[in-house]
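Reading the structure
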There are 2 protein chains.
Amino acid sequence: MILTVTLNTALDITYRVRSLRPHASHRVSEVAERPGGKGLNVGRVLAALGHDVTVTGFAGGATGDTVRERLAGLPRVRDALVPVAGATRRTIAVVDATTGDTTQLNEPGPQIAPAEWSALLETYERLLESASAVALCGSLPPGVPVGAYAQLVRTARALAVPVLLDTSGEPLRRGVAARPDIVKPNAEELAELTGSHEPLQAARNARRRGAHAVVASLGPRGLLAHTPDGHWRATPPAPARGNPTGAGDSAVAGLLSGLVERMPWPDRLARAVALSAATVAAPTAGDVDLPCYERLLTEVTVTAEAAAA
Amino acid sequence: MILTVTLNTALDITYRVRSLRPHASHRVSEVAERPGGKGLNVGRVLAALGHDVTVTGFAGGATGDTVRERLAGLPRVRDALVPVAGATRRTIAVVDATTGDTTQLNEPGPQIAPAEWSALLETYERLLESASAVALCGSLPPGVPVGAYAQLVRTARALAVPVLLDTSGEPLRRGVAARPDIVKPNAEELAELTGSHEPLQAARNARRRGAHAVVASLGPRGLLAHTPDGHWRATPPAPARGNPTGAGDSAVAGLLSGLVERMPWPDRLARAVALSAATVAAPTAGDVDLPCYERLLTEVTVTAEAAAA
């Protein structure tokens with residue numbers, strides 16, 4: 001199985017309103033809810049691709065119960081979330097019905113006690129024994145040490161389980177130094193890590209900091225990969241139109257499934273870009289449109305870059 | 001005990017953000033939750049005044065469970081909510097930390113099945129047997145007949161339990177025709193019911209439509225009462241500054257407790273205005289600042305109006 005870790009799980013709520021106006025009262029015409037947090041999104045896409053997935057991280061309170069109930073309904077996804085006393089956060093996406101523009105409200109997440117963090121570490125180590133790869137995804141809730149991902153990366157490497165890291169800020173900086181197999185920052189996260197706004201240069205810098213491979217997501221322009229096996233750009237046929245929510249998580253699922261299936265890098269990147277574009281095109285935020293994915297897969301361009309670049 | 005009916009209960013959530021900007025992403029710095037819906041708010045204030053209260057209405061789903069858990073922590077409040085298959089709605093108040101301005105997002109509420117409505121009617125009739133008064137409060141969730149309040153008013157009158165109605169639109173129009181003892185519209189609801197924007201004229205009109213007494217809330221200007229015993233205006237010492245959320249519900253609690261305690265109308269109105277102003281002044285939205293209430297009670301002005309007016 002593939003393991004995904006989501007320390008700050010969420011109940012993702014989408015509201016549709018006519019048009020959001022500050023300081024006015026709004027009637028919500030449609031409400032949708034689903035389990036969220038990057039690692040859970042990655043797990044859902046991996047399961048849709050036919051992989052067995054185990055998800056861990058923290059869940060608590062009434063929102064945590066709702067997240068777990070919803071996970072129980074997903075085939076090929078096993079819930080190994082660690083219970084906590086605090087309540088799992090909600091995220092609210094308010095979508096204007098007229099324009100499709102989205103306003104996002106994110107709760108901070110529960111305070112994690114030291115004993116809860118220890119319980120997560122134990123669960124994680126036990127799950128790694130049967131994992132073919134692991135993805136560490138998203139922000140840290142309050143109370144989790146800022147070096148949390150560095151510790152999780154080191155544990156995975158000690159057990160020889162390939163590990164992908166997708167986070168930002170200081171947790172990314174420390175996690176990269178622990179030498180993960182892959183990091184997947186977006187352009188902004190990569191620039192924050194390296195100080196360089198030039199993606200190629202920034203990717204090289206991130207590898208020097210410890211990442212074995214860097215796959216930078218450049219939004220509608222696809223992916224840029226810097227790996228020990230070579231350097232590539234993977235580009236979708238046309239900039240996808242739609243909602244970019246979850247596109248990065250779909251790319252992670254593409255990279256991780258490609259790794260486990262021992263695909264060469266260009267095929268992994270093509271899959272990641274096609275999944276990402278199919279997520280943007282899907283009618284529901286964060287879903288993958290699988291027929292759209294299969295069509296896009298034949299249309300993604302992957303070009304090798306000179307090793308010196 | 002005093003009975004309150006909240007057909008569209010809610011989990012009221014308050015988010016604090018720096019400043020709400022449409023189509024941006026916001027980190028919520030503070031989250032507060034509490035049981036909501038007008039009848040539950042009325043019940044909480046009645047309990048704070050020392051009355052035993054029973055609350056009924058509908059509750060369902062994870063949000064319904066949270067509402068019930070919170071109610072269980074309130075002294076003098078008995079939970080007689082009827083379980084439903086759908087999920088109790090959330091309301092979200094997004095407060096700008098810089099200005100205190102509030103943006104409101106209200107979910108529509110669960111679809112109520114005919115059998116669930118029948119179960120409510122049975123519970124209601126049973127509870128009325130030991131009720132000294134009843135308040136019918138707020139909007140109707142989808143699936144409840146538009147004449148719901150008219151039916152609940154008739155049942156209360158048949159059992160000789162004094163009934164106060166606080167709703168709006170067509171449910172208010174039909175409810176008034178069933179001859180409730182008191183209706184408590186705000187100026188806008190009263191104008192919508194009667195077609196008149198002149199409160200005195202509109203209150204007379206509402207009585208002709210069936211209400212025995214009309215108490216119109218005029219926001220910071222206090223209350224206007226048209227009753228079989230006389231006509232009064234009750235005015236707070238100064239327009240209260242703060243959050244008006246729940247001020248109308250506190251006024252209902254004042255009117256209902258005054259009725260049960262057999263206070264004369266001017267004393268009921270003074271209590272209602274003082275409670276209302278103390279709610280606006282309270283630091284937490286919807287709470288009553290009791291010492292503030294007691295001080296304001298001595299400062300409210302109640303003046304009789306000529307019967308011909």
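First, a word on scope: everything that follows refers to the structure included in this document. Quantities reported herein were computed from a predicted structural model and do not represent experimental measurements.

Procedures and definitions
Residues numbered from 1 in each chain as written. Chains lettered and ligands numbered in written order. Predicted model: local features only at pLDDT ≥ 70, side-chain atom pairs only at ≥ 80, totals over all residues. Helix = DSSP H or I, 4+ residues; strand = E, 2+ residues; numbered from the N terminus. Rg over C-alpha atoms; globule rule 2.2 N^0.38 Å. Buried ≥ 20, exposed ≤ 12 C-beta atoms within 10 Å, placed from the backbone. Contact = placed C-beta atoms within 7 Å. Pairing = 2+ DSSP bridges. Axes fitted to C-alpha atoms, helices over the stretch in contact; angles between N-to-C directions. Least-squares fit on C-alpha atoms with pLDDT ≥ 70 in both. Nonpolar A, V, L, I, M, F, W, Y, C, P; charged D, E, K, R; others polar. Core = buried A, V, L, I, M, F, W, Y, C linked by C-beta atoms within 7 Å. Parallel < 35°, antiparallel > 145°, perpendicular 65-115°, else oblique. Left-handed = near helix turned anticlockwise from the far one by under 90°.

Another aspect to go through is the overall build of chain A. The number of helices and strands found in chain A is ten helices and 16 strands. Relative to its length of 309 residues, chain A is compact, with a C-alpha radius of gyration of 19 Å against a globular reference of 19 Å. For chain A, the spread of C-alpha atoms along the three principal axes comes to 55 × 45 × 40 Å. Relative to its full complement of 309 residues, chain A shows a buried share of 54%. Restricting to contacts in chain A with at least 6 residues of sequence separation, those with at least 24 account for 69%.

A word on the pairing of strand β1 (residues 2–6) of chain B. Residue and element names in this part refer to chain B. A large share of β1 lies buried, amounting to five of its five residues. Here β1 shows no split at all, with Ile-2, Thr-4 and Thr-6 on one side and Leu-3 and Val-5 on the other all buried. Direction of pairing for β1 relative to strand β5 (residues 53–59): parallel, over a ladder of five bridges. Across the sheet, residue Thr-6 finds its bridge partner in β5, namely Gly-57. In the sheet, β1 pairs with strand β10 (residues 133–137) via five bridges, with the strands oriented parallel.

The subject of this paragraph is the sheet that holds strand β9 (residues 102–106) of chain A. Taken together, five strands build an open sheet; the order of strands is β4(A)-β2(A)-β8(A)-β9(A)-β3(B) and the sheet is mixed. Taken across any chain shown, the strands that pair with only one partner, and hence form the sheet edges, are β4 (30–36) of chain A together with β3 (25–27) of chain B. Adjacent strand axes in the sheet meet at a mean angle of 15 degrees, parallel and antiparallel pairs treated alike. Here three bridges tie β9 of chain A to β3 of chain B, and the two strands are oriented parallel to one another. Considered in β3 of chain B, the bridge of Asn-106 of chain A is made with Arg-27 of chain B.

The operation relating the pair of chain copies consists of a rotation about an axis and a translation along that axis. When chain B is fitted onto chain A, the two copies agree to an RMSD of 0.0 Å after a turn of 180 degrees and an axial shift of 0.0 Å. The transformation just described matches what one would write down for a two-fold rotation axis. Among all residues of chain B, the minimum C-alpha distance to the rotation axis is found for Ala-62 of chain B, at 3.1 Å. Same-surface contact between copies: 100% of interface residues of chain B are shared with the interface of chain A.

Opposite the 24 residues of chain B that make contact, chain A presents 24 residues. Looking at the side of chain B that touches chain A, the elements with two or more residues in it are β2 (10–17), β3, α2 (61–72), β8 (89–96) and β9 (102–106) of chain B. Looking at which element gives the most residues to the side of chain B that touches chain A, the answer is β9 of chain B, with five residues. A per-class count over the side of chain B that touches chain A returns twelve nonpolar, eight polar and four charged.

Soluble globular proteins tend to pack their nonpolar side chains together in the buried interior. Counting residues in each nonpolar core, the largest one holds 184 residues, and the members touching the most others are Leu-136 and Leu-223 of chain A together with Leu-136 and Leu-223 of chain B. Leave out the neighbours within four places in its chain, and Leu-136 of chain B touches Val-5, Tyr-149, Leu-152, Val-153, Val-163, Leu-165 and Thr-167 of chain B.

All names here are of chain A. Relative to the assigned elements, Ala-133 resides in strand β10 (residues 133–137). For the pair formed by Ala-133 and Arg-34, sequence separation is 99 residues and the distance between their alpha carbons is 25 Å. In this structure, Ala-133 is in contact with Ile-2, Val-161, Pro-162, Leu-256, Leu-259 and Val-260, ignoring residues within four places of it in sequence.

So, about the environment of Pro-114 of chain B. With respect to the secondary-structure elements, Pro-114 of chain B resides in helix α3 (residues 114–128). Residue Pro-114 of chain B is classed as exposed on the basis of its C-beta count, with 10 C-beta atoms lying within 10 Å.

Okay, the packing of helix α2 (residues 61–72) of chain A against α2 of chain B next. Closest axis-to-axis distance for the α2 of chain A/α2 of chain B pair is 10 Å, and the angle between their directions is 155 degrees. Put simply, α2 of chain A runs roughly antiparallel to α2 of chain B. The two elements α2 of chain A and α2 of chain B meet at a crossing, and its hand is right-handed. Seen from α2 of chain A, the contacting residues are Ala-62, Asp-65 and Thr-66 of chain A; seen from α2 of chain B, they are Ala-62, Asp-65 and Thr-66 of chain B.

Turning our attention to the sheet that holds β2 of chain B. With respect to topology, five strands assemble into an open sheet ordered β3(A)-β9(B)-β8(B)-β2(B)-β4(B), the strand pairing being mixed. Two strands in the sheet have a free side with no partner beyond their single neighbour: β3 (25–27) of chain A together with β4 (30–36) of chain B. Ignoring strand direction, the axes of neighbouring strands in this sheet form an average angle of 15 degrees. Direction of pairing for β2 of chain B relative to β4 of chain B: antiparallel, over a ladder of seven bridges. What sits directly across from Asp-12 of chain B, in β4 of chain B, is Arg-34 of chain B. Sheet strands in contact with α2 of chain B are β2, β4 and β8 of chain B, and its direction is about 80 degrees off that of β4 of chain B.

Before going further, it helps to examine helix α5 (residues 169–177) of chain B. Residues and elements named next belong to chain B. Within α5 the residues assigned to the buried category are Pro-171, Leu-172, Arg-173, Gly-175 and Val-176. Among the structural elements, α4 (148–158), β11 (163–166), β12 (182–183), α6 (187–194) and α7 (199–208) are those in contact with the buried residues of α5. Once α5 ends, the next one or two residues include Arg-179, with phi positive near 70 degrees.

Residue and element names in this part refer to chain A. It is at 7 Å that the axes of helix α8 (residues 247–260) and helix α9 (residues 265–281) come closest, and there the two elements cross at 150 degrees. With respect to each other, α8 and α9 are oriented roughly antiparallel. When you trace α8 past α9, the crossing you get is right-handed. Contacts between α8 and α9 involve Ala-247, Ser-250, Ala-251, Ala-253, Gly-254, Leu-255, Gly-258 and Leu-259 from the former and Asp-267, Arg-268, Arg-271, Ala-272, Leu-275, Ser-276, Thr-279 and Val-280 from the latter. Taken together, the residues of the contact of α8 with α9 sort by class into eight nonpolar, five polar and three charged.

That is the geometry; function is a separate question.
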